[in-house]
Amino acid sequence: TPSELINYNIEIISPRNDVAIPVGQRDLAIAITLSPALQPDHLLVYFMNGELLEETTMNNIIVKDVPRGTHTLVVEAIDQRGQSLGTSAPTLVNVIRANIKKNAPIKPTPK
């Protein structure tokens, strides 16, 4: 089948959109669902903030030591010529890291 006829439906199932990654979690697992199944000569390209993380045929990857802040994840399928065959909706993930300085105690809010 010519790849022009294939349009992948890609959905990032993990992490959930707008999720907060807790302080103790160093690595981020990204998992997707894909239909139809990936053809032998096609690749999945994982991006964070528009930067390439990995090109792979796997439906999930692990990103090591994600920096703190809000990151946008997108996964795209490409053919061997680099043509896009489908892109996921962006997923936002908020990575929380421990602050070095001690946080001021939270004052109770007056009722």
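Placed above this text is the structure.
Now for a quick tour of the structure. (Residues numbered from 1 in each chain as written. Predicted model: local features only at pLDDT ≥ 70, side-chain atom pairs only at ≥ 80, totals over all residues. Heavy atoms only, no water.)

## Some thoughts on the overall build of the protein
Then step 1. Helix and strand counts for the protein come out as zero helices and nine strands.
Then step 2. Along its sequence from the N terminus, the protein presents helices and strands in the succession β-β-β-β-β-β-β-β-β.
Then step 3. Out of the 111 residues belonging to the protein, those deemed buried represent 32%.
Then step 4. Long-range pairs, those at least 24 residues apart, make up 61% of the contacts in the protein between residues at least 6 apart in sequence.
Then step 5. Carbon and sulfur atoms make up 56% of the accessible area of the protein, which amounts to about 7,400 Å² in all. (Helix = DSSP H or I, 4+ residues; strand = E, 2+ residues; numbered from the N terminus. Buried < 20%, exposed > 50% of the residue type's maximum accessible area, 1.4 Å probe, protein only. Contact = heavy atoms within 4.5 Å. Areas by Shrake-Rupley, 256 points an atom, 1.4 Å probe, with all protein chains shown as cover.)

## Notes on the environment of S14
Then step 1. Structurally, S14 is set in strand β1 (residues 9–14).
Then step 2. In this structure S14 touches A29, I30 and A31, once residues within four positions along its chain are discounted.

## Describing the sheet that holds strand β3 (residues 28–35)
Then step 1. Here we have three strands laid out as an open sheet, ordered β1-β3-β6, and antiparallel in their pairing. Both edges of this open sheet fall to β1 and β6 (60–63), since each of them pairs with a single strand only. Direction aside, neighbouring strands of the sheet carry axes that sit 25° apart on average.
Then step 2. For β3 and β6, the ladder comprises four bridges, and the chain directions are antiparallel. Bridged to L28 within β6 is V63. (Pairing = 2+ DSSP bridges. Axes fitted to C-alpha atoms, helices over the stretch in contact; angles between N-to-C directions.)

Keep in mind these values describe shape, not function.
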